[in-house]
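Below are the chains, spelled out letter by letter.
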Amino acid sequence: MADFVYPPVIGAALTVFRALDVRIKIVGAEHIPAKGGAVLVSNHISYLDFLFAGLGAYRGGKRMTRFMAKDDVFKHGVSGPLMRGMKHIPVDRADGQPAYEAAVAALRAGEVVGVFPEATISRSFMLKKFKTGAARMAADSGAPLLPVILWGTQQLWTKGRPKTLTKRHVPVTIMIGEPIELSPTDKPVMVTRRLRAAMSEMLDRAQREYPGKPSGPEDTWWLPTHLDGTAPTLEVAEAEDEAEAAAKATAKAERRSAGK
């Protein structure tokens, strides 16, 4: 079923991007492995990142990436059938082990599995702390890590900002780095540090080479502070994430209490 669903979804996305003149630039497409499993590891700055990261792998080597995503998306009446049809992997945040095992099985079967190691969108648009899951999956499956950096997607739809899906002429950079091979003695924590360092260099390059500029003083929100933007710093963004998580936990507890 996936082979019948995935290409039309990519085609539909490309049609929309062309209509909006989204100026997609793919750098490093030659690093996409022609076959075999790979853990595609992407930064996360937009709700659309799975589309663009998947597009990079698809255009680079006709590889269809199976992304790990919150199981809530699979329960939606519209997105659910599409997610299942494309063989994406649902993740229950209360018990992630089944998703982990499914991802490793897919990697061993020669699939590309997509992971966002920051686990959530970065409000600062810089790299947050990485979880070690991607490195552990690569070690358990014998698949390489494939670093991917996206830049520009935050202008279309990101956390804490209104959707601007009709914004035209937005440049989007998809940068694919060299695969990182693991040895049997590599420790996931150290591999994760090496991966994050490589992706930090890639992000810096993508930002420096990005052709887009703010349209005016009110349009600097999508740039980090070191690029003279007004996005929150990593520290401020972390505090905002923690406050949001606490508010959600409180609301959930209140709903449970009201239901008793």
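Caption draft 1: Layout of the pairing of strand S7 (residues 171-176). Most of S7 is tucked away: six of the six residues are buried. Residues Pro171, Thr173 and Met175 line one face of S7 and the alternating positions Val172, Ile174 and Ile176 line the opposite face, and both faces are buried. Sheet topology note: the strand S1 (residues 23-27)/S7 ladder contains five bridges and is parallel. Looking at the pairing, Ile26 lines up with Ile174 of S7. Across four bridges, strand S6 (residues 145-151) lies against S7 in antiparallel orientation.

Caption draft 2: Fine view of empty space enclosed by the protein. For the coordinates displayed, the defined rule picks out one cavity of 30 Å³ or more. For the largest cavity, the calculated volume is near 60 Å³. Taken together, Tyr6, Val9, Ile10, Phe50, Leu51, Gly54, Leu55, Phe67, Met86 and His88 form the lining of the largest cavity. Mapped onto the lining of the largest cavity, the elements with two or more residues apiece are helix H1 (2-19) and helix H2 (49-61). The element contributing the most residues to the lining of the largest cavity is H2, with four residues. Here the residues of the lining of the largest cavity sort into eight nonpolar, two polar and no charged.

About the cut-offs
Residues numbered from 1 in each chain as written. Predicted model: local features only at pLDDT ≥ 70, side-chain atom pairs only at ≥ 80, totals over all residues. Heavy atoms only, no water. Buried < 20%, exposed > 50% of the residue type's maximum accessible area, 1.4 Å probe, protein only. Helix = DSSP H or I, 4+ residues; strand = E, 2+ residues; numbered from the N terminus. Pairing = 2+ DSSP bridges. 1 Å grid on protein atoms, 1.4 Å probe; cavity = no way out; pocket = protein on both sides within 12 Å on 5 of 7 lines; lining within 4 Å. Points joined across faces, edges and corners; volume = space filled by probe spheres on them. Nonpolar A, V, L, I, M, F, W, Y, C, P; charged D, E, K, R; others polar.

Geometric values such as these leave the question of function open.
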